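Summary of the model geometry
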Amino acid sequence: MTTSIIAASVLFDRVESRVRSYSRSFPKLFDRAEGASIYDASGKPHIDFLSGCSSLNYGHNDPDLKAALIDYVSADGIAHGLDMFTRAKEQFLRSFERHILKPRGMDHHIQFTGPTGANAVEAALKLARKVTGRTNVISFTNGFHGVTLGALAATGNGKHRNGAATPLSGVTRAAYEGYFGPDIDTAELLDLQLSDPSSGIDLPAAIIVETVQGEGGLNAASSEWLRRIQAIAHRHDALFIIDDIQAGCGRTGGFFSFDGMDLQPDIVTMAKSLSGMGLPLAIALIKPRYDIWKPAEHNGTFRGNNHAFVTATAAIEKFWADGAFEADVARKAAYLAQRLETIADEHGLRVKGRGMMLGIEARSGEAAAAVCKRCFDDGLIIETSGSFDEVVKVLAPLTITQDQFADGLDIMEAAFAAVMGSRRAAAE
Ligand code: PLP
């Protein structure tokens with residue numbers, strides 16, 4: 001039986017919590033998806049430049065990931081396994097060690113933290129506090145680390161913080177690179193504050209940072225600034241945590257967003273595209289000397305999603321066993337940058353971000369929302385980010401075909417022209 005879209009939306013309005021969000025921007029009933037296409041219930045395809053907020057970096061239902069999962073389910077593979085040893089977990093750990101950790105000279109332990117990104121952040125912050133015996137954590141302006149209370153304390157986003165309804169404690173905010181403009185060295189400021197016992201900032205257990213702020217408006221830190229932040233963390237005996245939940249898994253090029261930057265984070269959090277198919281799976285990578293958990297001290301029922309292990313393994317084997325995928329992502333990122341620069345130039349705007357995590361900063365949140373709405377009407381799903389939701393953010397699947405990528409960007413270009421008007425046309 002097919003429900004009409006109207007009947008379905010009446011049901012959602014009646015039964016689902018008011019807290020729902022993405023369905024408000026994209027008020028359609030979605031049914032199936034393949035690659036970079038997501039089809040509504042009437043069969044209309046949409047190009048997906050949201051990719052489950054970067055949880056579908058390899059597109060929807062990648063055929064090899066899907067086949068691996070179908071084979072596993074058909075063979076009665078264990079679906080849920082607490083954190084027991086399973087064949088699926090063994091294969092995931094083997095692949096992750098071989099293709100991800102070893103080539104980068106990393107020997108981090110892998111903690112399964114519970115399935116969401118916020119779970120991984122909670123575990124990372126808790127462990128850093130346990131290791132150092134300190135409570136304070138430094139996070140950055142416009143950072144986003146999740147909405148559970150511990151992670152939310154580290155998150156800057158006002159809308160989410162206002163939902164806490166309780167004081168958010170244990171975190172001090174520092175300014176991200178460029179926050180006060182190009183002339184203020186925010187790393188230097190942070191170092192000065194931490195070096196002064198009377199600055200009022202308690203020495204932190206950790207400094208947590210995104211290399212590109214996904215929700216915070218696509219602010220991309222330089223490798224130099226990140227290296228200085230790492231050095232500042234270590235100089236003050238704090239752990240350096242990179243939250244790679246959104247920028248990792250190829251989104252900015254390499255498997256880790258800090259590949260090639262000469263950074264050695266003490267803890268790395270990952271989730272979103274780790275399973276490769278949108279299945280919940282999150283980890284914290286921990287330098288062995290900091291892995292001081294006692295057995296079961298940080299626990300949780302859902303830390304053994306074997307279906308996610310199967311698809312994560314298939315994703316690593318398919319995309320990360322050699323450099324071909326990374327080279328393809330770099331090529332697509334260059335194309336994306338060139339197309340967005342053209343649109344931005346046309347309207348006197350600027351492009352932000354890095355790799356396949358780029359966007360255009362519109363003049364206001366209203367303008368960005370109008371662009372996204374126009375895109376959606378024309379068959380493109382795309383969202384905003386930033387303090388005022390002013391950045392139109394492209395999170396296309398990394399596997400998108402060139403033709404579909406061009407089609408999606410054409411829709412975006414037309415939407416900017418419709419909303420902003422054409423400067424060229426105005427001049428003529
Ligand atoms: N950290 C970063 C950088 C994120 O972008 C997000 C989600 O967008 C999270 C943490 C939280 O992940 P989740 O929504 O799975 O809890």
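Conventions used here
- Residues numbered from 1 in each chain as written.
- Predicted model: local features only at pLDDT ≥ 70, side-chain atom pairs only at ≥ 80, totals over all residues.
- Heavy atoms only, no water.
- UniProt positions renumbered as here; feature names shortened; annotations may be inferred.
- Core = buried A, V, L, I, M, F, W, Y, C linked by side-chain atoms within 4.5 Å.
- Buried < 20%, exposed > 50% of the residue type's maximum accessible area, 1.4 Å probe, protein only.
- Domains from an automatic or database assignment.
- Contact = heavy atoms within 4.5 Å.
- Helix = DSSP H or I, 4+ residues; strand = E, 2+ residues; numbered from the N terminus.
- Expected span 1.5 Å × (residues − 1).
- Arc of directions from axis to C-beta.
- Polar contact = N/O pair within 3.5 Å; in protein donor to acceptor, adjacent residues only side chain to side chain.
- 1 Å grid on protein atoms, 1.4 Å probe; cavity = no way out; pocket = protein on both sides within 12 Å on 5 of 7 lines; lining within 4 Å.
- Points joined across faces, edges and corners; volume = space filled by probe spheres on them.
- Nonpolar A, V, L, I, M, F, W, Y, C, P; charged D, E, K, R; others polar.
- Pairing = 2+ DSSP bridges.

In the annotation of an unreviewed UniProt entry, the protein chain is listed under the name Diaminobutyrate--2-oxoglutarate transaminase and assigned to Devosia lucknowensis. Under Sequence similarities (unreviewed entry), UniProt gives the following word-for-word description of the protein chain: "Belongs to the class-III pyridoxal-phosphate-dependent aminotransferase family."

Structural notes on the nonpolar core
Core analysis: the biggest nonpolar cluster contains 87 residues, and F49, F96, F256 and M412 have the highest contact counts within it. Composition of this core by domain shows at least three residues from each of domain 1 (3-62 + 323-427) and domain 2 (77-319). Contact partners of F49, with chain neighbours within four places excluded, come to L380, I381, I382, K393, V394, L395, A396, I400, F405, G408 and L409. A128, A205, I208 and Y290 belong to the second largest nonpolar core, which has 25 residues in total.

A look at helix α12 (residues 324-347)
Compared with an ideal rise of 1.5 Å per residue, which puts 24 residues at 34 Å, α12 spans 35 Å between its outermost C-alpha atoms and is within 8% of the ideal. Among the residues of α12, F325, V329, K332, A333, Y335, L336, R339, L340, I343, A344, E346 and H347 are the ones counted as buried. Just past α12, the residue G348 takes up positive phi, approximately 65°.

A short note on helix α9 (residues 186-195)
Here α9 has its buried residues at T186, A187, L190, D191 and L194. Looking straight down α9, one finds that the buried residues subtend no more than 140° of arc, so they occupy a single side. The inward-facing, buried residues of α9 abut β5 (137-140), β6 (171-174), β7 (206-209) and α10 (223-235). The N-terminus of α9 is capped by D185, whose side-chain oxygen sits 3.1 Å from the backbone nitrogen of A187.

Regarding empty space enclosed by the protein
Tallying each qualifying case throughout the model produces one cavity of 30 Å³ or more. Here the largest cavity defines a volume of roughly 40 Å³. Around the largest cavity, the lining residues are F112, T113, G114, P115, P280, L281, A282, F302, R303 and N305. Residue classes in the lining of the largest cavity are distributed as six nonpolar, three polar and one charged.

What to know about the pairing of strand β11 (residues 267-270)
In β11, alternate side chains face the same way, and those of I267 and T269 on one face and V268 and M270 on the other are all buried. Summarising the sheet, strand β10 (residues 239-243) and β11 pair through three bridges and their orientation is parallel. When the sheet's bridge partners are listed, I241 is paired in β11 with I267. By the bridge criterion, four bridges tie β11 to strand β12 (residues 283-286) in an arrangement that is antiparallel. The partner of I267 across the bridge, within β12, is I286.

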